[in-house]
Amino acid sequence: MIDAKKIEELIRSSDKVLITSHKNIDLDALGSVLGLYFVVNNLGKEAHIVIDDEKCTKEVQRALDTIYKLDGIKVEKYNELKSEINKNTLLIITDTNKSNRIQNEQLLKIANKILLDHHMKNDDVIEDLMYEYVDEKESSSTEIVMDVINELNVYIPSHIATIMLAGIYVDTNGFLLKTNGNTHSCASMLHNFGADIIEEQYLLKQNYDEYKRRQELILKTEFYNNAAIIAEDDKVYESQELAKAGDVLLTFNNIEVSFVIAKLEESTVGISARSLGNINVEKIMAKFDGGGHKTFAATQIKDAKVKEVKEQLLKYLKGAIK
Ligand SMILES: [Mn+2]
């Protein structure tokens, strides 16, 4: 469990707090950042949200427009803040533990740092922290921050609660993945703060062309007993697109495990693997030098062909799928 009192103590002993997250910020990262902004404000300290991304997704942009309009919260760039940083500045990082994923690596020069995250630790781990809480069993960074908010009795405005609820929704694929009683308790708390489901739907609206690309990918599914596999060789995809398609495959009858194989670059093939838990996809991805968790894992293979990767995967799967 997260030590909210320790976080409170570190915020209280600082002059101002900078809060940031990973590059290409998503709704969970933003939701957790916003929750922390209110924690810091509630403790009477100056809070700054640092986002250096030049371009944001439509969902994130809608959320940023809302908080600017309704709360006057303006996100800032590292360059605008760097002259204000001193030895009493505290940096809180959420939703990543990788030093090369942070919005601006210069921020890591700040001596006092807290890290909150739900991703597995791998390489390039952020070090020299005054406090860290990294637990990959947590559904989302927003859920972690909600535990802090609950323990420290912090008030959250309704539209912030809506963004935070959308953050949990996105990271759990609609309260299906990594969701437990505490995840629902956090969602319940957000409803009590006035989170609005209709507003959340506006926030989560998707792009039709992206939806179509995903559906086209899904229509190429092949079934091998309780495994669903897509091996697509025509287009180049983003790894996120493979993951999202893989989540959908798990919803089909009898399917325990899914693999989406496609080109991430002209000569790099990616696999996104998903499982309901009975088949360990981390072990299967490890055979391709990948990593992850028992229920979600991935890999990237250089100088490979989709067809060959699929044949190799089917060999590894022998015996595992029934
Ligand atoms: Mn997240």
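One can find the structure itself at the top, above this paragraph.
The rules behind these values
- Residues numbered from 1 in each chain as written.
- Predicted model: local features only at pLDDT ≥ 70, side-chain atom pairs only at ≥ 80, totals over all residues.
- Heavy atoms only, no water.
- Helix = DSSP H or I, 4+ residues; strand = E, 2+ residues; numbered from the N terminus.
- Rg over C-alpha atoms; globule rule 2.2 N^0.38 Å.
- Contact = heavy atoms within 4.5 Å.
- Areas by Shrake-Rupley, 256 points an atom, 1.4 Å probe, with all protein chains shown as cover.
- Lys, Arg positive; Asp, Glu negative; His and termini not counted.
- Charge placed at Lys NZ, Arg CZ, Asp CG, Glu CD.
- Pairing = 2+ DSSP bridges.
- Axes fitted to C-alpha atoms, helices over the stretch in contact; angles between N-to-C directions.
- Buried < 20%, exposed > 50% of the residue type's maximum accessible area, 1.4 Å probe, protein only.
- Donors = N, O, S within 2.8 Å, 3.2 Å for Na, K, Ca; no water.
- Polar contact = N/O pair within 3.5 Å; in protein donor to acceptor, adjacent residues only side chain to side chain.
- Left-handed = near helix turned anticlockwise from the far one by under 90°.
- Nonpolar A, V, L, I, M, F, W, Y, C, P; charged D, E, K, R; others polar.

Remarks on the overall build of the protein chain
Link 1 in the chain: In terms of helices and strands, the protein chain carries 12 helices and 11 strands.
Link 2 in the chain: A compact globule built from 322 residues would reach a C-alpha radius of gyration of about 20 Å, and the protein chain, at 20 Å, matches this within 12%.
Link 3 in the chain: The dimensions of the protein chain, computed from C-alpha atoms along their principal axes, are 60 × 40 × 35 Å.
Link 4 in the chain: Pairs at least 24 apart in sequence give 67% of the contacts found in the protein chain among residues at least 6 apart.
Link 5 in the chain: Carbon and sulfur atoms make up 46% of the accessible area of the protein chain, which totals about 15,800 Å².
Link 6 in the chain: Charged side chains of the protein chain number 40 positive and 52 negative; the gap between the two group centres comes to 3 Å.

With respect to the sheet that holds strand E4 (residues 112-117)
Link 1 in the chain: A sheet is described by the order of its strands in space; here 5 strands give the open sequence E2-E1-E3-E4-E5, paired in parallel fashion. With partners counted over all chains shown, the strands left at the sheet margins are strand E2 (46-50) and strand E5 (131-134), one partner each. The mean angle between the axes of side-by-side strands here comes to 20°, regardless of whether they run parallel or antiparallel.
Link 2 in the chain: The pairing of E4 with E5 spans 4 bridges and is classified as parallel. Note that in E5 the partner of Ile114 across the bridge is Tyr131.
Link 3 in the chain: Contacts from helix H5 (residues 141-151) reach E4 and E5 within the one sheet, and its direction differs from that of E4 by about 115°.

Things to note about unusual backbone geometry
Of all residues except glycine, most have a negative phi; of all peptide bonds, most are trans.
Link 1 in the chain: Of note in this structure, Lys178 is not a glycine but carries a positive phi near 50°.
Link 2 in the chain: Within the element layout of this structure, Lys178 appears in the loop between helix H6 (158-171) and helix H7 (181-192).
Link 3 in the chain: Of note, Asn254 is a non-glycine position whose phi angle comes to about 70°, a positive value.
Link 4 in the chain: Residue Asn254 is classed as exposed on the basis of its relative accessible area of 68%.

Observations regarding the coordination of the manganese ion
Link 1 in the chain: Protein coordination at the manganese ion: the donors are Asp28 (OD), Asp95 (OD), His118 (NE2) and Asp171 (OD), at 2.1 to 2.4 Å from the metal.
Link 2 in the chain: Sequence spacing of the donor residues for the manganese ion, all on one chain, is D-x66-D-x22-H-x52-D. Separated by 90 residues along the polypeptide, Asp28 in helix H2 (residues 27-42) and His118 in the loop between E4 and E5 bring together distant segments of the chain. The pair Asp28 / His118 is uniform in exposure class, with both members buried.

Describing the sheet that holds strand E9 (residues 268-275)
Sheet strands pair via backbone hydrogen bonds, and the direction of the pair is either parallel or antiparallel.
Link 1 in the chain: Pairing in this open sheet of 6 strands is mixed, and the strands run E6-E7-E8-E9-E11-E10 from one edge to the other. Of all strands in the sheet, those with a lone pairing partner are strand E6 (222-224) and strand E10 (291-292), marking the two edges.
Link 2 in the chain: Direction of pairing for strand E8 (residues 257-265) relative to E9: antiparallel, over a ladder of 8 bridges. Paired with Glu265 across the bridge in E9 is Thr268.
Link 3 in the chain: Sheet strands touched by helix H9 (residues 208-218): strand E7 (227-236) and E8. Its angle to E7, the strand with the most contacts, is close to 125°.
Link 4 in the chain: Along the sheet face, helix H10 (residues 239-249) touches E7, E8 and E9 and points at about 160° away from the line of E8.

Some points on the side chain of Lys263
Link 1 in the chain: Residue placement: Lys263 occurs in strand E8.
Link 2 in the chain: At a separation of 2.9 Å, a polar atom in the side chain of Lys263 contacts the main-chain carbonyl oxygen of Asp233.
Link 3 in the chain: The residues contacting Lys263, other than those within four sequence positions of it, are Glu232, Asp233, Asp234, Lys235, Val236, Tyr237, Thr268, Val269 and Val306.

Focus: the packing of H2 against H6
Link 1 in the chain: Their axes nearest at 7 Å, the elements H2 and H6 cross at an angle of 145°. The interaxial crossing formed by H2 with H6 has left-handed handedness. Between H2, through Leu27, Asp28, Leu30, Gly31, Leu34, Gly35 and Phe38, and H6, the contact on the second element is made entirely by Ile160, Ile163, Met164, Ala166, Gly167, Val170 and Asp171.
Link 2 in the chain: Its residues placed into classes, the contact of H2 with H6 shows 9 nonpolar, 3 polar and 2 charged.

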